[in-house]
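So you can see what is in the structure, the chains are spelled out below.
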Amino acid sequence: MHSVRNILAIAGKELRGYFASPIAYIIIGLFGILFGLFFIASLRFFVEQSQRMAMMGGSATVNVNEQMIRPVLQNAAVIILFVMPMITMRTYSEEKRSGTIELLLTSPLTDFEIIMGKFVGAMGLFCAMLLVTLIDVAILFRLGNPEWRPIAAGYLGLLLMGGCFISLGLLISSLTKNQVVAGFMTFAVFLVLWIVDWFGESLGPTGQDILSRLSITQNLDDFTKGMIDTTHLAYYLSFIAFGLFLTAKSVDSERWRG
Amino acid sequence: MIEVQHVTKRYGRVTAVDDVSFRVERGEILGFLGPNGAGKTTTMRILTGYMPASEGRANVAGFDIFEHPIEAKRRIGYLPEAPPLYPEMTVREYLDFVSRIKGVPSAERRQRVTTVMERTHVADMADRHCGKLSKGYKQRVGLAQALIHNPDVLILDEPTAGLDPKQIIETRDLIRSLAGDHTIVLSTHILPEVAQTCQRVVIINRGRVVAVDTPDNLTARLKGAETMYVQVDAGSEEPGPALAQIPGVTRVSAAEGPAGGGFEVESDRGTDVRREIARAIVTRGWGLLELRPMRMSLEEVFLQVTTDETATPDPAAPREDAIHA
């Protein structure tokens, strides 16, 4: 019943919307620059550290994946936290404000197709952002000899985390006409999910365990180490599915309320 | 083609549409007339599947809009009050996008886009961004969008709003030319538009249907008595009493107007007194300058059915200057 053709039509429209305005270029450009800066800083730090190790003649090995890539990807996650609300805040709010939502909702499309189209479109932009950072990684491969598997796992983690942010951002955008409200609310909720495990200590071991499993960063950690754990995979995928499901409910209830 | 049965829409405690029922036959143009806030847009949104009704059923092009929304929506073209344009897309890109989501087969898409651009006179703006168009062009691209998948049913919410007089005439002609192949429901608050384009009128006020009929019948039905406008050149004489003596005439009053010597002559309903009036004037040697029946304008009908105090319509104003868009 759901048609891939319709989803792609919406996704294409979303991407065109991003790239027709300066938004996409600014986001991709600045993300690339920030990622590059973190990358250079990490690289310098890593080179200094390995030189010191060599001078001390220590037998401790240095690992480029563990000591260089991992912190870079974690920093990238922080930048994504800031950037993502800017991508998702307009998705529904803008359609509601300009009235184009009437076109979508009176076309022979299911709510699922519209939501998936918007999700795929935003993921497309996010992939473009991550693609730019691969330039830095390519340089690393020229200079050294890192393992590619942990890097791929790390990028998969970022992609999944970005997917969570997008599905949550879509939900929040579907709740309001106001882009600024949508953007700020999205940012606030992301931040709460980010730091939720900080409060674990006061709740005892069980509470700590629950909260750290809910934390969006704790789930990313293993990916950046190069481990693809089904627990984390399940966490991210169900987070995305739940976010999209709630968005569908929100769009539907909007319909009833008028 | 369209059948609306007892549709009610409530927002919380406010009832926007209250037990509305009407039918539209295939190929017909139905005018939806009502003051602002009467429930026109809400009814149209329910018909197009944008929002569900609180109660009642609506069948569009053979499909129940609540139970088979996708099938029904395939057969509906809808122009909302504000044309739903994406400012960053060019007209051509936009129409291509709409043709995709409306399910136009890819082989026909380019041809459909070209055809509707020509029909709605927007071809010269094909590569202009939608956000940079004038109000009139935006409205016409909105209309093009509604036509793109050649739907059985067209639902147009104020299709001529924001257009200049020439564009209004073009759009009305376009809408009239679409009837037959398409079944059209259009809403407006411009009364001559209804008289000129629609075969049937639904007048809606405060969410309720207050009248359904042809524009002619509506004006005739609500007209209590036949009224003639007579302009006489009687020299120094006073023609009023002479007119009042004609058999069948119930009332004579001087009409306001720029020219002197104008009278409104009322007679019993169904009696035509034109011959008697003409004879009475001519036999007295006066000049008969003008003699024509006065009909209640749609505007007066509208005011009468939508105003709670059923004031008797004031037929003083001649029809011509009573209504102008």
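So, here's what we can say about the structure. Being a predicted model, the structure only gives us computed values, none of them experimental.

Moving on, we come to the overall build of chain A. Counting its secondary structure elements, chain A contains eleven helices and zero strands. Ordered by position from N to C terminus, the α and β elements of chain A give α-α-α-α-α-α-α-α-α-α-α. Here the C-alpha radius of gyration of chain A, 20 Å, is about what a compact globule of 258 residues would show, namely 18 Å. Taken along its principal axes, the extent of the C-alpha atoms in chain A is 70 × 45 × 35 Å. For chain A, the proportion of its 258 residues judged to be buried stands at 40%. In chain A, of all internal contacts separated by at least 6 residues, the share reaching a separation of at least 24 is 80%.

Relative to the 40 Å expected for 28 residues at 1.5 Å per residue, helix α7 (residues 148-175) of chain A spans 41 Å between its end C-alpha atoms, a close match to the ideal helical length. Here α7(A) lies mainly inside the structure; 22 of its 28 residues are buried.

A few words now on the interface of chain B and chain A. In this assembly, 23 residues from chain B lie in contact with 20 residues from chain A. Broken down by secondary-structure element, the contributors of at least two residues to the side of chain B that touches chain A are α2 (69-74), β6 (76-79) and α3 (91-101) of chain B.

Residue and element names in this part refer to chain B. With respect to burial, strand β8 (residues 183-188) is a largely interior element, six of its six residues being buried. Side chains of β8 alternate between two faces, with T183, V185 and S187 and I184, L186 and T188 buried alike. As defined by bridge partners, strand β3 (residues 29-33) adjoins β8 across five bridges and the pair is classed as parallel. Each residue of the ladder has a partner; that of L30, found in β8, is V185. Bridging between strand β7 (residues 153-157) and β8 involves five bridges; their strand directions are parallel. Paired with L156 across the bridge in β8 is L186. Crossover handedness for the path β7 to helix α6 (residues 165-178) to β8: right-handed.

Quick look at the packing of helix α3 (residues 64-88) of chain A against α7(A) now. All names here are of chain A. It is at 10 Å that the axes of α3 and α7 come closest, and there the two elements cross at 15°. Between α3 and α7, the interaxial angle falls into the category roughly parallel. When you trace α3 past α7, the crossing you get is right-handed. On the side of α3, the interface is formed by N65, I69, L73, A76, A77, I80, M84, P85 and T88, while α7 contributes P150, I151, G154, L158, M161, G162, F165, I166, G169, L170 and S173. Broken down by class, the residue content of the contact of α3 with α7 amounts to 14 nonpolar, six polar and no charged.

Further remarks concern the environment of B:D272. Residue and element names in this part refer to chain B. In this structure, D272 sits in the loop between β13 (262-267) and α10 (274-283). By the C-beta count within 10 Å, which is 12 here, D272 ends up exposed. Each C-alpha atom of the pair D272 and Y229 lies 13 Å from the other, and the pair is 43 residues apart in sequence.

What counts, and where the lines are drawn
- By convention here, each chain's residues receive numbers from 1 onward along its written sequence.
- Whichever chain is written first is A, and whichever ligand is written first is 1; the rest continue in order.
- Owing to the predicted nature of the model, reporting of local features is limited to residues with pLDDT of at least 70; listing and counting of side-chain atom pairs is limited to 80 or more, with chain, interface and lining totals taken over all residues.
- Secondary structure follows DSSP: runs of H or I at least 4 residues long count as helices, runs of E at least 2 residues long count as strands, and numbering of each begins at the N terminus.
- The quantity called the radius of gyration is restricted to C-alpha atoms. Its globule counterpart is 2.2 Å times the number of residues to the power 0.38.
- Counting other C-beta atoms within 10 Å of its own, a residue is labelled buried from 20 upward, exposed at 12 or fewer, and partly exposed in the gap between, with every C-beta atom placed from the backbone.
- Placing C-beta atoms from the backbone, we regard two residues as in contact once those atoms come within 7 Å.
- Take the number of residues in a helix, subtract one, and multiply by 1.5 Å to get its expected span.
- Should DSSP find at least two bridges between two strands, the strands are regarded as paired.
- The definition of a right-handed crossover adopted here requires that, viewed with the strands pointing away, the path from the first strand over the helix to the second runs clockwise.
- To define axes, lines are fitted to C-alpha atoms, for helices over the stretch in contact only, and angles between the resulting N-to-C directions are given on a 0 to 180 degree scale.
- Each angle receives one of four descriptions, namely roughly parallel if under 35 degrees, roughly antiparallel if over 145, roughly perpendicular if within 65 to 115, and oblique otherwise.
- Take the far helix as your reference; a near helix turned counterclockwise from it by less than a right angle gives a left-handed crossing, and one turned clockwise gives a right-handed crossing.
- Only Asp, Glu, Lys and Arg are considered charged, only Ala, Val, Leu, Ile, Met, Phe, Trp, Tyr, Cys and Pro nonpolar, and every remaining residue, Gly among them, polar.

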